[in-house]
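Okay, here's what each chain looks like letter by letter:
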Amino acid sequence: MRYLHTMVRVKDLEASMAFYRLLGLEEIRRVESEQGRFTLVFMAPPGQPETPVELTYNWDGDEGLPSDSRHFGHLAYEVDDIYAACQHLMDNGVTINRPPRDGHMAFVRSPDNVSIELLQKGGSLPPQEPWASMGNTGHW
């Protein structure tokens, strides 16, 4: 058995792709189905095509989106500098739901309410402001 991908349904394909690009992922494959009326976009970190997230977009809409998708769990990505990653996301309008107060872990949500965990590569970074005193926003 081997891992293939994680699939999430998206309401606005372009907005979702833009979000995952902010995380550093790039499109590695796309499937368009006229008969099934859907588009599948596979995005992965550069050089890691074996770890994609599949964005599934139904052309006729999906009235259940966005909903609280906590039942899904989360996607997790390791980052070189958690503070820089969170600042980049925040500078681009992404809410940091659980700031990296500990220098190790943060959570954000995609436009489709998918929870994304960011983990610091290696050991935790020393606590740093504004993150150390920043409270949670919403749920993660």
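Looking at an unreviewed UniProt entry, one finds the chain named VOC family protein and attributed to Paracoccus niistensis.

Colleague: Summarise the sheet that holds strand β8 (residues 115-120); cite the residues concerned and give the values.
Modeller: Remark on secondary structure: sheet strands pair via backbone hydrogen bonds, oriented parallel or antiparallel. Taking strand neighbours across the sheet as the criterion, the four strands line up as β5-β8-β7-β6 in an open arrangement whose pairing is mixed. Each edge of the open sheet is held by one strand with a lone partner, namely β5 (75-79) and β6 (96-98). The mean angle between the axes of side-by-side strands here comes to 35 degrees, regardless of whether they run parallel or antiparallel. Note: strand β7 (residues 105-109) against β8, five bridges, orientation antiparallel. By the bridge assignment for β8, Val108 is matched with Ile116. Strands in contact with helix α2 (residues 82-91) are β5, β6, β7 and β8; relative to β8, the strand with the most contacts, it is inclined by about 145 degrees.

Colleague: Would you mind going over the nonpolar core in detail, with residue names and values included?
Modeller: Tyr20, Leu23, Val53, Leu55, Ile116 and Leu118 are the most contacted members of the largest nonpolar core, which has 28 residues in total. Elements with a contribution of two residues or more to this core: β1 (6-10), α1 (13-22), β3 (38-44), β4 (53-58), β5, α2, β7 and β8. Here the element with the most residues in this core is α2; it accounts for five residues. Apart from the residues within four sequence positions on either side, Leu55 is in contact with Val8, Val10, Leu13, Ser16, Met17, Tyr20, Thr39, Leu40, Val41 and Met43.

Colleague: How would you summarise the pattern of salt bridges if you had to cite specific residues and measurements?
Modeller: Enumeration according to the criterion identifies five salt bridges in this entry. Residue Glu32 is joined to Arg30 by a salt bridge in which the shortest nitrogen-to-oxygen separation is 3.5 Å. Look at Glu32 and you get partly exposed, because its relative accessible area is 46%. A salt bridge links Arg98 to Asp102; its shortest N-O distance comes to 3.4 Å. With a relative accessible area of 32%, Asp102 lands in the partly exposed category. Through salt bridges with shared partners, a single ionic network connects Glu27, Arg30 and Glu32.

Colleague: Can you explain the sheet that holds strand β2 (residues 26-33)? Please cite residues and give values.
Modeller: Taking strand neighbours across the sheet as the criterion, the four strands line up as β1-β4-β3-β2 in an open arrangement whose pairing is mixed. Each edge of the sheet is formed by a strand with only one pairing partner; in this case those strands are β1 and β2. Strand-to-strand twist of the sheet, defined as the mean angle between neighbouring strand axes without regard to direction, takes the value 20 degrees. By the bridge criterion, seven bridges tie β2 to β3 in an arrangement that is antiparallel. Following the sheet pairing, Glu26 is matched in β3 by Ala44.

Calculation criteria
Residues numbered from 1 in each chain as written. Predicted model: local features only at pLDDT ≥ 70, side-chain atom pairs only at ≥ 80, totals over all residues. Heavy atoms only, no water. Pairing = 2+ DSSP bridges. Helix = DSSP H or I, 4+ residues; strand = E, 2+ residues; numbered from the N terminus. Axes fitted to C-alpha atoms, helices over the stretch in contact; angles between N-to-C directions. Contact = heavy atoms within 4.5 Å. Core = buried A, V, L, I, M, F, W, Y, C linked by side-chain atoms within 4.5 Å. Buried < 20%, exposed > 50% of the residue type's maximum accessible area, 1.4 Å probe, protein only. Salt bridge = Lys/Arg side-chain N within 4 Å of Asp/Glu carboxyl O.

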